[in-house]
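Structure at a glance
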Amino acid sequence: MPEGKIIKALSGFYYVLDGEEVYQCRGRGLFRKNKVTPLVGDYVVFEAENKTDGTVTEIKPRKNELIRPQISNVDQAILVFSAVEPDFSPALLDRFLVLIEDNEIEPIIVVTKLDLVTAENQKKLSQYIKDYKKLGYTVLETSSVTAGGIEELVPYLEGKTSVFAGQSGVGKSSLLNAINPELALKTDDISSHLGRGKHTTRHVELIHIGSGLVADTPGFSSLEFMEMEAERLSYCFPEMHKHGEECKFRACLHDKEPKCAVKEAVDSGEIPRYRYEHYMQFLEEIRDRKPRY
């Protein structure tokens with residue numbers, strides 16, 4: 001039977017790409033019985049008499065899976081964050097990075113709307129960008145209006161399945177339109193009353209960008225660490241994992257333990273203090289989620 005990749009899921013239908021052809025399929029009844037849901041990004045086996053009447057019969061093993069947005073087999077995450085409107089949020093960026101790192105997906109940080117940056121907030125933004133680059137992250141600076149930085153992003157997308165993710169209103173769809181104007185993805189301005197973007201992307205769909213596939217996903221403004229254990233968190237902060245190997249205690253959570261190399265690195269300025277503060281905030285959320293005995 002033929003095999004393909006689900007590139008869109010909508011109203012109970014799964015659109016499977018096989019070569020250059022797309023087949024509209026339903027999931028087999030056994031999936032629902034076993035509480036298995038096919039996801040965009042899944043490699044599947046399907047059968048189809050024609051392009052509009054197919055059935056997904058098997059889902060191949062996934063190398064990774066994201067819950068929000070619901071997508072699987074992602075090679076890299078393009079984390080889109082605006083410089084202003086809404087203001088750049090390192091706390092929200094760190095939430096995304098933890099989720100991405102936990103799923104062993106390569107993150108690429110893209111800062112948008114640089115054309116709106118004023119001299120007043122340029123210094124602070126530049127320091128954040130410098131910090132994340134020093135931590136080893138790829139950071140690209142772009143503007144959909146001036147097209148600045150767009151040409152630097154395109155090569156990262158070639159031959160890979162990428163998910164574009166970020167807070168609503170940061171300009172994900174505008175960025176994709178700047179890369180490929182033929183997409184004509186719908187965009188809305190920030191709601192001045194609510195101070196956040198209107199949701200313009202309603203479902204997850206993989207679209208062709210050159211030789212790669214890109215998911216433009218519904219925006220969202222919060223992430224919860226539903227499955228993460230406290231001991232795992234520091235692994236999602238690369239600089240803390242590195243310094244943590246020098247802690248006195250092997251299971252150090254970098255909280256109240258003595259002779260903690262991570263806290264020493266924060267005090268010396270090797271680790272940005274706001275990164276440690278975010279780590280502690282996330283750690284408390286994980287602890288509060290778990291029952292204490």
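Read on for an overview of the structure. (Residues numbered from 1 in each chain as written. Predicted model: local features only at pLDDT ≥ 70, side-chain atom pairs only at ≥ 80, totals over all residues. Heavy atoms only, no water.)

**Some points on the packing of helix 2 (residues 90-102) against helix 9 (residues 273-289)**
Where helix 2 contacts helix 9, the two axes come as close as 10 Å, and the packing angle between them is 60 degrees. Of the possible angle classes, the one that applies to helix 2 and helix 9 is oblique. In the packing of helix 2 onto helix 9, the handedness of the crossing is right-handed. Of the residues in helix 9, those touching helix 2 at Pro90, Ala91, Asp94, Arg95, Leu97 and Val98 are Tyr274, Arg275, His278, Gln281, Phe282 and Glu285. Its residues placed into classes, the contact of helix 2 with helix 9 shows six nonpolar, two polar and four charged. (Axes fitted to C-alpha atoms, helices over the stretch in contact; angles between N-to-C directions. Helix = DSSP H or I, 4+ residues; strand = E, 2+ residues; numbered from the N terminus. Parallel < 35°, antiparallel > 145°, perpendicular 65-115°, else oblique. Left-handed = near helix turned anticlockwise from the far one by under 90°. Contact = heavy atoms within 4.5 Å. Nonpolar A, V, L, I, M, F, W, Y, C, P; charged D, E, K, R; others polar.)

**A word on the nonpolar core**
Ile71, Leu79, Phe88, Leu93, Ile109, Val111 and Tyr132 are the most contacted members of the largest nonpolar core, which has 45 residues in total. The residues contacting Phe88, other than those within four sequence positions of it, are Phe81, Ser82, Ala83, Leu93, Val111, Leu125, Tyr128 and Tyr132. In this structure, Leu233, Cys236, Ile271 and Tyr279 belong to the second largest nonpolar core, which totals 23 residues. (Core = buried A, V, L, I, M, F, W, Y, C linked by side-chain atoms within 4.5 Å. Buried < 20%, exposed > 50% of the residue type's maximum accessible area, 1.4 Å probe, protein only.)

**Considerations on unusual backbone geometry**
Here the residue pair Glu85 and Pro86 is connected by a cis peptide bond, since its omega of 0 degrees sits within 30 degrees of zero. Here Pro86 shows up in the loop between strand 8 (76-82) and helix 2. Non-glycine residue Ser11 carries a positive phi angle of around 55 degrees. Here Ser11 is to be found in the loop between strand 1 (3-10) and strand 2 (13-18). A positive phi angle, near 70 degrees, is found at Ala147, a position not held by glycine. Examined against the element boundaries, Ala147 turns out to sit in the loop between strand 10 (138-141) and helix 4 (150-157).

**So, the packing of aromatic side chains**
If you walk through the whole model with that rule in mind, you get eleven aromatic pairs. Pairing Tyr276 with Tyr279 gives two aromatic rings, centres 6.2 Å apart and planes at 25 degrees, and the pair type is stacked. Of this pair, Tyr276 and Tyr279 both sit in helix 9, three residues apart, which is roughly one turn of that helix. Look at Tyr276 and you get buried, because its relative accessible area is 13%. Ring pairing ties together the aromatic residues Phe81, Phe88, Phe96, Tyr128, Tyr132, Tyr137 and Tyr274, which thus form one cluster. In this structure, Lys8 is placed above the aromatic ring of Tyr15, and the distance from its NZ or CZ to the ring centre is 4.7 Å. The cationic tip of Arg26 hangs over the ring face of Phe13; the distance from NZ or CZ to the ring centre is 3.9 Å. (Phe/Tyr/Trp six-rings, centres within 6.5 Å; stacked < 30°, edge-to-face > 60°. Lys NZ or Arg CZ within 6 Å of the ring centre and 35° of its normal.)

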